[in-house]
Protein chains: 2
Amino acid sequence: MLRAPSIRDVAQAAGVSTATVSRTLTNPDVVSEITREAVFRAIRETGYVVNQAARNLRRRETGAVAVLLPNIANPFFSRILSGIAEVMSEAGLNVFINDTTPVTRDEHRFPEYASHAHVDGLIVLDGMLRHDALLDRGPPELRPPLVFACEWIEQVARPKVTIDNHAAAAQAIRHLLALGHRRIGHACGPPGNVLSIARLAGARAALAEAGLSLPDAWAFPGDFSLESGAAAARAWHAAADRPTAVFCASDEMALGFIGEAQRRGIKVPDEISVVGFDDLEMASHAVPALTTIHQPRADIGRAAARMLLERMLLAPAERVARPAPHVVLPVTLAVRESTAPPPR
Amino acid sequence: MLRAPSIRDVAQAAGVSTATVSRTLTNPDVVSEITREAVFRAIRETGYVVNQAARNLRRRETGAVAVLLPNIANPFFSRILSGIAEVMSEAGLNVFINDTTPVTRDEHRFPEYASHAHVDGLIVLDGMLRHDALLDRGPPELRPPLVFACEWIEQVARPKVTIDNHAAAAQAIRHLLALGHRRIGHACGPPGNVLSIARLAGARAALAEAGLSLPDAWAFPGDFSLESGAAAARAWHAAADRPTAVFCASDEMALGFIGEAQRRGIKVPDEISVVGFDDLEMASHAVPALTTIHQPRADIGRAAARMLLERMLLAPAERVARPAPHVVLPVTLAVRESTAPPPR
DNA sequence: ATTTTGCGTGTAATCGATTACAAGGCCAAA
DNA sequence: TTTGGCCTTGTAATCGATTACACGCAAAAT
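A brief report on the enclosed structure follows.

By the definition in use, this model includes 24 salt bridges over all chains. With a closest N to O distance of 2.4 Å, B:Asp241 and B:Arg183 form a salt bridge. Here B:Arg183 lies in the loop between helix H7 (165-178) and strand S6 (184-187) and B:Asp241 lies in the loop between helix H9 (226-238) and strand S8 (245-248), a separation of 58 residues in the sequence. Residue B:Asp241 is classed as partly exposed on the basis of its relative accessible area of 46%. Salt bridges linked by common partners bring A:Glu227, A:Arg234, A:Glu260 and A:Arg264 together as one network.

Among the surface-exposed residues, A:Arg3, A:Arg8, B:Arg58 and B:Arg60 lie close enough to one another that they form a single positively charged patch. Within the secondary structure, A:Arg8 sits in helix H1 (residues 7-14).

Considering only enclosed or pocket space, the second largest pocket measures out at about 400 Å³ in volume. Forming the boundary of the second largest pocket are 17 residues, of which A:Gln262, A:Lys267, A:Val287, B:Gln262 and B:Val287 lie nearest the centre. When its residues are assigned to classes, the lining of the second largest pocket shows 9 nonpolar, 4 polar and 4 charged.

Here we come to the relation of the copies chain A and chain B. When chain A is fitted to chain B, the residual RMSD is 0.1 Å, and the transformation amounts to a turn of 180 degrees plus an axial shift of 0.0 Å. Taken together, the rotation and translation describe the operation of a two-fold axis.

Okay, the interface of chain A and chain B next. With 49 residues of chain A in contact, the opposing surface of chain B contributes 49 residues. Taken together, the two surfaces of chain A and chain B that pack against each other cover about 4,300 Å², and 66% of this comes from carbon and sulfur. On the chain A side of the interface with chain B, the three residues burying the most area are A:Leu226, A:Arg263 and A:His285, jointly 13% of the side's total. The interface formed by chain A and chain B holds 2 salt bridges in total. The salt bridge involving A:Arg263 is made with B:Glu337; its shortest N-O contact spans 3.4 Å. For the pair chain A and chain B, the number of links is 6 residue pairs in polar contact (both at pLDDT 80 or more). When contributions to the side of chain A that touches chain B are tallied by element, the ones reaching two or more residues are helix H4 (52-59), helix H5 (75-90), strand S2 (94-99), helix H9 (226-238), helix H10 (251-263) and helix H11 (281-285) of chain A. At 5 residues, H4(A) tops the list of elements feeding residues into the side of chain A that touches chain B. The class makeup of the residues in the side of chain A that touches chain B is 27 nonpolar, 13 polar and 9 charged.

Reading the values: the criteria
- Residues numbered from 1 in each chain as written.
- Chains lettered and ligands numbered in written order.
- Predicted model: local features only at pLDDT ≥ 70, side-chain atom pairs only at ≥ 80, totals over all residues.
- Heavy atoms only, no water.
- Salt bridge = Lys/Arg side-chain N within 4 Å of Asp/Glu carboxyl O.
- Helix = DSSP H or I, 4+ residues; strand = E, 2+ residues; numbered from the N terminus.
- Buried < 20%, exposed > 50% of the residue type's maximum accessible area, 1.4 Å probe, protein only.
- Patch = residues over 30% accessible without salt bridge, like charges linked within 9 Å, V, L, I, M, F, W, Y side chains within 5 Å.
- Areas by Shrake-Rupley, 256 points an atom, 1.4 Å probe, with all protein chains shown as cover.
- Lys, Arg positive; Asp, Glu negative; His and termini not counted.
- Charge placed at Lys NZ, Arg CZ, Asp CG, Glu CD.
- 1 Å grid on protein atoms, 1.4 Å probe; cavity = no way out; pocket = protein on both sides within 12 Å on 5 of 7 lines; lining within 4 Å.
- Points joined across faces, edges and corners; volume = space filled by probe spheres on them.
- Nonpolar A, V, L, I, M, F, W, Y, C, P; charged D, E, K, R; others polar.
- Least-squares fit on C-alpha atoms with pLDDT ≥ 70 in both.
- Contact = heavy atoms within 4.5 Å.
- Buried area = accessible area lost by both parts, 1.4 Å probe.
- Polar contact = N/O pair within 3.5 Å; in protein donor to acceptor, adjacent residues only side chain to side chain.

Encoded structure:
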């Protein structure tokens, strides 16, 4: 029966003990040069690869971190993942990616991952996870360090990397106000989502500054998806009294909205201005190119990954005691072609 | 010092041996009901979670599979990943996702993952990996089972799940021919890529059937990206003698092409028909909605995952001996609004 | 010449779960 | 009463790498 070469085979081939092989691998400086060379040669000859399971068991760590996100298929997340993967692979850590809602939409599944037995750390991009699932897993010292990125859960005090959604939404609205719009609607994100709430509140605040308000009829329900953007466009089109501009909670919604509007013969931005949120790659290639809030997605991922690495270095007790930092990354408004002064 | 509860703690709490606890977990039928209950109660009380590293070490497996893909940020892959994750999580396996080109574009990095020490199986979605990296890793019995999905590497004989790219491209071209087009161009995928090659060849074959050919000047270079689609549109627009239809090797290219064309005042499909490939979600929401080849992306992922699970059950020697199956999933042409008879 | 210092290496315990094997208990058949 | 068999459980070896500790030897210090 063929078996993968183990550290013993290497030790034998090099004529040293397993301890020396192990040291050569993790701390080459402490062994003499002659031994080191012999060990490396033996490793090459035998084709030895360290057995991670054994290493992890002994070191009491797993060498992996997990990312929990609501939907892998959402292009918004992909660049954040690249950012995370970039930092983590530099640090020699594997990244598990876990979709929290593969089956049902509402009950965000909480995978076994949260446990120390599986990963050394956790990055959570899903604010809709049940917070008790995150908290009810044994004493805090035993739970792996966790950081939130983009979304978060109010009840769970942990480090976060986010943008200022409230201010960004206000900025989008102010852009529309500056163009002369007075009748402004909002295509909302999924109800209950922290981002939806903050963006709606920011929009409301900016409108209030100008002495305006957002009538309920102009707060179109949605869920960040293309389809819900299209639905918002239909609702907008069907309304008797309609706004001259719509701020959408995501680019997918904005693109869905514009597509549906154009399909109905509406001219964008001549008849309706549309602002998005995220700045997906598609935003600048669409016609009209989408005016939107640019999020530094790769930076968010990198920052979250670095913050997690930092927390992983802390002793458990210290980690629990230390306050959770909150990094807020700046966003910019990318003004393109989908916004213009209101008609007439 | 606080330590996670181990199987010993459970055994002690339940008043049994660790062997019995282990059996209760993996094979509940062999222990008596009374003992079983006691063990489960003890597990609940102690908050025990099995230590994966220890289990993996003993069982000589890792409980994880890896997916190697060229670019997480490409929306084409996301739904394939969902399909893979769905099947794998049902099977109780973790999925590592690994971007093979995080740093440099050309040298597709081959991660440590290919080794048995890290994963129990591998799904490769990147046909540009250096094949020697895949093959030069010790004796074949020791390498983890591998299946290709979407893309593949000719030199590496392994199970694959793909579509018939040649036939699909031919189908797209025939659709344009049926509309009356005689001057048809192609926006190509990245050079050297198996998909690019098959799609180009399929397009050529279908043109040849009709007694036509694809002039070099109408084979616009590209790399599947939005930007390269826009570049193709610029090249098309600048040409003195131009085709009345373009078949793009990906939806992103098609959308980039259409965007750039529209931006230059060209009407799609009135002045140029465009066909895509993939059927991304965006395809049906764009204006005009994109005529494209629909790929069953989730099915591809699921099929690849199932095939990998099957191979993982085989004894190493048998796996090496057995021929590699090739599953070809059917595609359909989604005819929408971006194609029409040629002008005049 | 003797002691000290320190470098390089080996021995052996350890991480936590699994499982082959042995053994004990109980009941039925002889 | 004894024997055989089944069911349940425990003992202990094992997976492969890491690391505390000890030891041997050579160079430096006394």
